[in-house]
Structures are given as structure tokens and as C-alpha cells.
Amino acid sequence: MSSEIKKNKYEIDMCSGPLIGKLISFSIPLALSSILQLLFNAVDIVVVGKFSGSQSLAAVGSTTSLINLITTLFIGVSLGTNVLAGRFYSMQDEKNMEDVVHTSVMFAILSGIAVSIIGILFSNWALIAMGTPYNILDKSLLYIRIYFLGMPFFMLYNYGAAVLRAVGDTKRPLIFLVIAGIINAVLNMILVIVFNLGVIGVAVATVIAQLISCVLVLKCLCETDGIYKLSFSKLRINLSHLKQLFRIGLPAGIQSLVINFSNVLLQSSVNSFGDIAMAGYTAANNIFGFLFVTVNSFTQTCMSFTSQNYGVKNYKRMDKVLKDCIILSVCITFVLGSCIYFFGENILNIYTESQEVIQCGMEVLLYTTVTYFLCGLMDLFPGAMRGMGYSVIPMILSVIGTVGVRIFWIYCVFPTYHSLSTLFISYPLSWLITVIMQIICFCFVRKKVYNLMKSE
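If you're wondering where the values come from, they're calculated on a predicted model, not measured in any experiment.

S.K.: Whenever I open this one, the overall build of the protein chain confuses me. Can you help?
M.R.: The secondary structure content of the protein chain amounts to 18 helices and zero strands. Computed over its C-alpha atoms, the radius of gyration of the protein chain comes to 21 Å, within 12% of the 23 Å expected for a compact globule of 456 residues. On the principal axes, the C-alpha backbone points of the protein chain span a range of 60 × 45 × 35 Å. By the burial criterion, 59% of the 456 residues in the protein chain qualify as buried. A fraction of 84% describes how many contacts in the protein chain between residues 6 or more apart in sequence connect residues 24 or more apart. Accessible surface, the protein chain: about 17,500 Å² in total, of which carbon and sulfur atoms supply 69%. Across the protein chain, the mean location of the 29 positive side-chain charges is 9 Å away from that of the 21 negative side-chain charges.

Structure below.
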């Protein structure tokens, strides 16, 4: 099978051979790619905080939750692309693979345009509804509207990268983001420091970087000799495959949407402490994001490997994929989380020199770093279930366990004990509750799937 499936040096045979090395080889470029995407925003925050002041820093940071809220629903569908493309690739089903690739890219174009329009039209209302202070509202609105102009490029890159990752190629998306990230950093320096454009400069730099990464990933798909080759003349929506993409990816998108909605509520609670706390949360949340992408890389690795082995009915290897991913995720996330907390003040000093802002940031990191391995466990079991085609139940449990707990905490506990510490202790609590529910769910799904495999 390996000789039939592995077409070039970038792809990984997920269905045979030693496993742990392949999981690491797949997940590390994936994590680094996600970190580079975060660095687009991190460079924005660092440059604007150092050279445009705390109000500009708070303005950029206040948009993060809203941007995530609007985009995650559509990005979630790309997980459906990853699962279906991986399944058809392992089976070497050329016709279905072609349909999935072209349906996914066409949907990325349409959804990117839709997100741009929605974001530009409703961002003013949304920022006001979130309680964004009026002294930074104009800057926040300017930044987010320019940012949303780049959404078609952002979507195309993510859906194109989902196809590459489905066949085991996480290295070329990383290379593309390295190129785009360097350009983003250089443009930030030029537009903000030299031309003094502030939030306009960092937004324009980010959009240009997204355009470059988009062009590179599409060029890669068009030039490949594999069965996942992209041809613009074949772009169309195959309703049957779109439904399958939605069935797998939409619940994941809804889950992220609802969780990000709870983060918007949390952002509104942080806003009640004023712009110092907002700036501290902005910097800490950006650091916190690096832990998230590390965890998410193992979740996507588990989902991709499970999907391909599900396609060839290799259920014993599916078990080993989950077990090895748990070991990698828990160990690496615990070490990284501990390091981030213990060196937190030094890291926060990169974003700001204000001791008040750093103190607020450390309050956030106290509850969201060392315990983050729980979040990794919370996401791995749904990742395995999505790889087997089950996405709705994990979504429901994640919404109940994370969003439900946080909303209860924000409205019932936080008003009585009004502090950042009280607010952010809801994170590890919600993770722990969700982990327990997801493990129970996985046991039932695993038994059902494996019984069906054995009976076929």
C-alpha cells in the first residue's frame, strides 16, 4: 500500500509502518504552521503596542474574539475536507477525490466572500455590543474591516492546506507560511514604524501575507501529479460531497462558533475592568493561543490518521493512533504550559512595558497554561470520532461542557466574586468536565464503529 499511495517526499503513508515517528513528522509542521498564523496577529500586537501605544494595542486585541467568532464556522467545514479527502486518498478513489478537492475550493471562495461582507457590514454593531470602549472603537473598527477584506485569501489557504494535510503533506503549508510570515513582519515594520500608519498598517500587512500564502498553496495543488490535483476549469459544487463535508465539518464549526461566542462573553467581562485589563488579556490571550495550536495539531493529526485508517478498515491502528496522540499531547502541552507560566512575566514584557498590564496578563496565565493538557484531552477524543465520521455528538458534549460551564460562571459566579482570577478559573473547570463526557462518548462510538467494520 505504501508504494501505491506515497507519491512524493512530502506525503506520509498513514496506514502502515512505524507510527510514532509519522505522528511527530505530521504534527510538528502542522503546529509550526498554526504558530506562524498566530504570529501574523502577534507581530501586529507587538509592533502596534511598542510604536502606537496602549490604545492601539487594545484596539487590535479587542477584535480577536469577534474575528474568530465569524470565521470559525466556515473553517470548521475544512475539517470535513480533511476527513473525506484522507479517506478517498487512502482508498485511491480518484473520482471522489477530484470532487472533494474542487467542491472544497469553490466553497472556500464563496464562503470567503460571504465572511468579508458579513464582517464589514456588522462589525461596528458587534464591537459596540461587546462593550468596546468608545475611546478605541474607531481604531478597532478600522482594523477589523481591513482584516475582513482578506477573508477570501484566508479561506482559500485553509481549505487548500486541508487537502494537502489529508494526504500527509504538512511541510509545504509550513514553507508557504514562513514566506508569508516574513513578508508580514517586514511590512509591519515599514507601514507602522516608517509610515506611522498604526492599525491600518498592521491590517494591510496581514491581508497581503494572507494573499501570498493563498497563491502559494493553490499553485501547489495545481502543479501536483497526485489525484488531488486542482484545475480551475473543474471548479464546481458537488452537492452530495458538500453535504458530506457539512455533516462532518459543520458540527465542528458550530462547536468552535459557540465556544468562541463564550469567549466573546468573556471578552465583554474583561472589558468591564478597563483598557489596562484589556491590554493584559490581549497579550496573555495571544500567548495562550500558542498552546491552543499545539493541542490542535495533535487533534488534527489524530483525525487525519484515523480517517485514512478508517478508509482501509484498519481499526487496530486507529486505537494506536489515539493512544500515541494522547501521550504526545499531554507530555508536550504540560511542559510548554509550565514553561510559559514560569517565564510569563518575561514573555509578557515583549508585548508591553506596563507593569499593570503584565500583572493582569499573569492572572490570566495562572489558570490557562499548566492545566492546558486537559484541553488537549478534551479535543483528542472528538478528533478521533470525526475521523470515523461522527461529529454531531462530540459537538453537543463540547458545547455543554465548555460553553455551558463558562456561561454559568460568567452570569452566576463572576458577578459575586468580581476578579480576573474568578473569571479564568472557569477554563480548567470546563475542560475537566468535558473530558469526562467525551471519553464516555468515545467508548460507545468506538464499539459501534468497530462492530460495523467486523461485520462487513
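What follows continues from the structure just given.
S.K.: What is the right way to look at empty space enclosed by the protein in this model?
M.R.: By rolling a water-sized probe across the atoms, one finds the places where empty space is left. Counting across every chain of the model gives two cavities of 30 Å³ or more. In this structure, the second largest cavity spans a volume of roughly 40 Å³. In terms of lining, the second largest cavity is formed by Thr306, Met318, Asp319, Leu322, Ala384, Met388, Phe442 and Tyr450. Looking at the lining of the second largest cavity, the elements that each hand over two or more residues are α12 (315–342) and α18 (426–455). For the lining of the second largest cavity, the per-class residue count stands at six nonpolar, one polar and one charged.

S.K.: Please explain the nonpolar core as it appears in this structure.
M.R.: For soluble globular proteins, the rule of thumb is that nonpolar side chains tend to be buried together. Counting residues in hydrophobic clusters, the biggest one holds 103 residues, and the most contacted among them are Met97, Tyr143, Tyr228, Leu266, Val270, Phe424 and Trp431. Excluding residues that lie within four positions of it along the chain, Met97 makes contacts with Ala85, Phe88, Tyr89, Val167, Ile227 and Tyr228. The next biggest cluster of nonpolar side chains, apart from the first, holds 25 residues, and it includes Leu19, Leu23, Val321 and Val449.

S.K.: Would you explain the pattern of salt bridges in this entry?
M.R.: Proximity of charged atoms lets side chains of opposite charge pair with each other. Taken as a whole and judged by the stated rule, the model has eight salt bridges. We note a salt bridge from Arg236 to Asp99, for which the minimum N-O separation is 2.8 Å. Here Asp99 lies in helix α5 (residues 94–129) and Arg236 lies in the loop between α9 (199–223) and α10 (239–271), a separation of 137 residues in the sequence. Look at Arg236 and you get partly exposed, because its relative accessible area is 33%. Arg446 is the salt-bridge partner of Asp319, the closest N and O atoms lying 2.7 Å from each other.

S.K.: Before we go on, may I ask you to explain the packing of aromatic side chains in this structure?
M.R.: The description of an aromatic ring pair uses the distance of the two centres, along with the angle that the planes make with each other. Tallied over the entire structure, the rule returns 12 aromatic pairs. Taking the centre distance of 6.0 Å and the plane angle of 35 degrees together, the rings of Tyr143 and Tyr147 count as tilted. Of this pair, Tyr143 and Tyr147 both sit in helix α6 (residues 134–149), four residues apart, which is roughly one turn of that helix. Overall, Tyr143 belongs to the buried group, its relative accessible area being 1%. Measuring from ring centre to ring centre gives 5.7 Å for Tyr427 and Trp431, while their planes differ by 85 degrees; the resulting arrangement is edge-to-face.

S.K.: I tried to follow the packing of helix α7 (residues 151–166) against α9 on my own but got confused; where do I start?
M.R.: For any two helices packed against each other, one specifies the crossing angle of their axes together with the interaxial distance. Packing of α7 against α9 leaves a shortest axis separation of 8 Å and a crossing angle of 35 degrees. Where α7 crosses over α9, the handedness of that crossing is left-handed. Note on element contacts: α9 touches α7 through Val207, Gln210, Leu211, Ser213, Cys214, Val217, Leu218, Cys220 and Leu221, opposite Phe153, Phe154, Leu156, Tyr157, Gly160, Ala161, Val163 and Leu164. Here the contact of α7 with α9 is composed, by residue class, of 14 nonpolar, three polar and no charged.

S.K.: Explanation requested: a nonpolar patch on the surface in the structure shown.
M.R.: A surface patch of nonpolar side chains, amounting to about 1,000 Å² of accessible area, comprises Phe51, Leu142, Val178, Ile182, Val186, Met189, Ile190, Ile193, Val194, Phe195, Leu197 and Ile200. Considering every element that reaches the nonpolar patch, the biggest residue donor is helix α8 (residues 171–194), with seven residues. Relative to the helices and strands, Met189 resides in helix α8.

What counts, and where the lines are drawn
Residues numbered from 1 in each chain as written. Predicted model: local features only at pLDDT ≥ 70, side-chain atom pairs only at ≥ 80, totals over all residues. Heavy atoms only, no water. Helix = DSSP H or I, 4+ residues; strand = E, 2+ residues; numbered from the N terminus. Rg over C-alpha atoms; globule rule 2.2 N^0.38 Å. Buried < 20%, exposed > 50% of the residue type's maximum accessible area, 1.4 Å probe, protein only. Contact = heavy atoms within 4.5 Å. Areas by Shrake-Rupley, 256 points an atom, 1.4 Å probe, with all protein chains shown as cover. Lys, Arg positive; Asp, Glu negative; His and termini not counted. Charge placed at Lys NZ, Arg CZ, Asp CG, Glu CD. 1 Å grid on protein atoms, 1.4 Å probe; cavity = no way out; pocket = protein on both sides within 12 Å on 5 of 7 lines; lining within 4 Å. Points joined across faces, edges and corners; volume = space filled by probe spheres on them. Nonpolar A, V, L, I, M, F, W, Y, C, P; charged D, E, K, R; others polar. Core = buried A, V, L, I, M, F, W, Y, C linked by side-chain atoms within 4.5 Å. Salt bridge = Lys/Arg side-chain N within 4 Å of Asp/Glu carboxyl O. Phe/Tyr/Trp six-rings, centres within 6.5 Å; stacked < 30°, edge-to-face > 60°. Axes fitted to C-alpha atoms, helices over the stretch in contact; angles between N-to-C directions. Left-handed = near helix turned anticlockwise from the far one by under 90°. Patch = residues over 30% accessible without salt bridge, like charges linked within 9 Å, V, L, I, M, F, W, Y side chains within 5 Å.

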